[in-house]
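Observations on chain architecture
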Amino acid sequence: MPIKKISKKIIILGLTGLFLISITFIIFIYLSLNGNQKNSTKFIPTPIPEDQLKEETLFSSPYATDEAILSLEKDIQNLDQELQNTDLKERQLLPPPLDMEIKFEEK
Amino acid sequence: MKRFLPLLLFLFLISNNLYAQENDFNKTYNDYLQSLNQYRQSYKEYLTAKQSYLNYKTLTSKNEAFLKTLKMLEGRDQVIANYLNLLKIKLRNITGIVNYKQNILYLKLDDEITWYDNHKNILSSTGSLEDLLNLSQETEKRYQEKTETLIYQTLGNTLIGKEDNLRDKVNSLVVKLKEKIKEIKEKGNKNTNLPERWLLEVENRLLLSLEKENQANNLLEKIDQKTRNRQQTFSQAQLLLEESHQYLKEANFYLKEVIREVKNAD
């Protein structure tokens, strides 16, 4: 009987110990992750433009350095700028606000 | 050196012409703003003089009302004339007045400017407040029946001119790119199926853009003497032109993709 009681106690103590160790371990992991984030500078990778990434990852054709293609590419880029900057509102050209009902009567 | 002389001369003339156009527009715009500010000032003075006359009905207040009304009406005619001149220069700079319709608008604008200039001179020779009010009604009638219609038609055609210029540029790039792709296809060192298909998409976008522009044009042509809300009709046309512009942007974006595809290996 006493041996059974002792073994029961050992099991309970063992389980409690294991539970406490795992809790401590979880808290430790949690603190180490969050604590580091607050105290240290966050690592932000330098953004790479999507176009550049695509071009770098793909192989070039014989026309990648072709003069005519490069010239067309430049023209297309210039036109893109022009398209973006085109003003179709033309607010400065809207008719001026003028009083077109000149009367000398009491309102 | 002698061989390049005509080319240099040509470039100089073009740049000089562009500078002159820009300068012309800025000067006219400043004249217009100045006349608008003067009109606003004279309008405030007219309101005060008018109120004073309506309150006191004295000969002095009537004379003061006459003078202030005259100044304000002269200012109003001047603003309209300057504004029409501004529209004329804008239309010329953007479209180059290359077709019949633009030519007609240009001539009509000239006619309107002359009318307001003459009317301003008639105003200055008027001797009574009653005559002034009659002359003011002439301006109001003219503005409602002719000028406003012309203003919105000109504005619309200026915007259409802008879109046409841009579409021409995209078209010219499509033609060049097509030639290049044909050349690549003949050499056979790059598969051109995808770029050719994408060029069809570009052409499709150009067609859609033109379609929207035609719709805008139809609306603008409906603006006439009988149109009740000209500004609203113009705004609708403007929205259609914005949609047309969006298709142009898409077409150009697709061209970028075609270039990228040509530069990449199969």
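Structural data are supplied above this passage.
Let us look at the structure shown here. (Residues numbered from 1 in each chain as written. Chains lettered and ligands numbered in written order. Predicted model: local features only at pLDDT ≥ 70, side-chain atom pairs only at ≥ 80, totals over all residues. Heavy atoms only, no water.)

Looking at the interface of chain A and chain B
Under the convention used in this document: In this analysis, two residues are considered to be in contact whenever any of their non-hydrogen atoms come within 4.5 Å of each other. Defined in terms of a 1.4 Å probe, buried area is the accessible area two parts forfeit on being brought together, summed over both. The term salt bridge refers to a side-chain nitrogen of Lys or Arg lying within 4 Å of a carboxyl oxygen of Asp or Glu.
Facing 43 residues of chain A, the contacting portion of chain B comprises 61 residues. Where chain A abuts chain B, roughly 4,900 Å² becomes buried across the two surfaces, and 65% of that area is made up of carbon and sulfur atoms. Taken as a group, Tyr63, Leu88 and Phe104 of chain A account for 17% of the area that chain A buries against chain B, more than any other trio of residues on that side. At the boundary of chain A with chain B, the tally comes to seven salt bridges. Of the charged contacts in the structure, one is a salt bridge between Lys180 of chain B and Asp66 of chain A, with a shortest N-O distance of 3.2 Å.

Quick word on the layout of surface pockets
Formally: As defined here, a cavity is a set of points on a 1 Å grid over the protein atoms alone where a 1.4 Å probe fits but cannot get out. A pocket is an open set with protein on both sides within 12 Å along at least five of seven lines, and residues line them when an atom is within 4 Å of a point. Grid points are joined across faces, edges and corners, and a volume is the space filled by probe spheres set on the points. The numbering of helices and of strands both runs from the N terminus, where a helix is a DSSP run of H or I of at least 4 residues and a strand a run of E of at least 2. When residues are grouped by polarity, Ala, Val, Leu, Ile, Met, Phe, Trp, Tyr, Cys and Pro land in nonpolar, Asp, Glu, Lys and Arg in charged, and all others, Gly among them, in polar.
Taken as a whole, the largest pocket spans an internal volume of roughly 570 Å³. Looking at the largest pocket, it is lined by 20 residues, and the ones nearest its centre are Lys90, Asn93, Ile94, Lys162 and Asn165 of chain B. Where the lining of the largest pocket is concerned, the elements lending two or more residues are helix H3 (67–85) of chain A together with helix H1 (5–56), helix H2 (59–95) and helix H4 (129–187) of chain B. Counting residues per element, the lining of the largest pocket draws most heavily on H1 of chain B, at five residues. Counted by class, the lining of the largest pocket contains five nonpolar, eight polar and seven charged residues.

Notes on a nonpolar patch on the surface
The cut-off we apply is this: By definition, no residue in a patch forms a salt bridge, and every one has over 30% relative accessible area; like charges are joined within 9 Å, nonpolar side chains (Val, Leu, Ile, Met, Phe, Trp, Tyr) within 5 Å. Accessible surface is estimated by sampling points in the Shrake-Rupley manner with a 1.4 Å probe; for residues, cover comes only from the protein chains shown.
Together, Phe19, Leu20, Ile23, Ile27, Tyr30 and Leu31 of chain A make up an exposed nonpolar region whose accessible area comes to about 640 Å². Within the fold, Leu20 of chain A resides in helix H1 (residues 2–39).

Overview of the packing of aromatic side chains
Put simply, the rule reads: Aromatic rings from Phe, Tyr and Trp, with only the six-membered ring used for Trp, were paired whenever their centres fell within 6.5 Å, and each pair was classed as stacked if the ring planes differed by under 30 degrees, edge-to-face if by over 60, and tilted otherwise. Three labels apply to residues, based on accessible area from a 1.4 Å probe with only protein chains included: buried if under 20% of the type maximum, exposed if over 50%, partly exposed otherwise in between.
Summed over the entire model, instances satisfying the criterion amount to nine aromatic pairs over all chains. Taken together, a centroid distance of 6.0 Å and an interplanar angle of 65° make the contact between Phe104 of chain A and Tyr46 of chain B edge-to-face. Pair noted here: Phe104 of chain A is in the segment after H3 and Tyr46 of chain B is in helix H1, and the two residues belong to different chains. We classify Phe104 of chain A as buried; its relative accessible area is 13%. What makes Tyr46 of chain B buried here is its relative accessible area of 1%. Aromatic side chains Phe25 of chain B and Tyr29 of chain B sit 6.1 Å apart centroid to centroid with 5° between the ring planes, which places their arrangement in the stacked category. Separated by four residues within a single helix, Phe25 of chain B and Tyr29 of chain B lie in helix H1, roughly one turn from each other. Neither residue differs from the other here; Phe25 of chain B and Tyr29 of chain B are each classed as buried.

Structural notes on the packing of helix H3 (residues 100–124) of chain B against H4 of chain B
Residues and elements named next belong to chain B. Our working rule: Here an axis means a line fitted to C-alpha atoms, over the contact stretch when the element is a helix, while the angle between two N-to-C directions is reported on a 0 to 180 degree scale. Angles are sorted into four bins: roughly parallel if under 35 degrees, roughly antiparallel if over 145, roughly perpendicular if 65 to 115, and oblique for all others. Should the near helix be turned anticlockwise from the far one by less than a right angle, the crossing is termed left-handed; should it be turned clockwise, right-handed.
The N-to-C vectors of H3 and H4 enclose an angle of 160°; their axes lie 11 Å apart at closest approach. By the angle between their directions, the pair H3 and H4 is classed as roughly antiparallel. Two packed elements cross with a definite hand, and for H3 against H4 that hand is left-handed. Every residue of H4 that contacts H3 at Lys101, Leu105, Lys108, Leu109, Glu112, Trp115, Tyr116, His119, Ile122 and Leu123 is listed here: Leu132, Leu135, Glu138, Thr139, Arg142, Tyr143, Lys146, Thr147, Leu150, Gln153, Thr154 and Asn157. Split by residue class, the contact of H3 with H4 holds 10 nonpolar, six polar and six charged.

What about unusual backbone geometry?
Residue and element names in this part refer to chain A. Residue Glu90 is not a glycine yet carries a positive backbone phi of 50°. Positionally, Glu90 belongs in the segment after H3. The exposure class of Glu90 is buried, given its relative accessible area of 5%.

Describing H2 of chain B
We count it as follows: How far a helix is expected to stretch is found by multiplying one less than its residue total by 1.5 Å.
Here H2 of chain B is 37 residues long and its end C-alpha atoms lie 53 Å apart, about the 54 Å a rise of 1.5 Å per residue gives. Phi for Gly96 of chain B, located one or two positions after H2 of chain B, is positive at around 75°.

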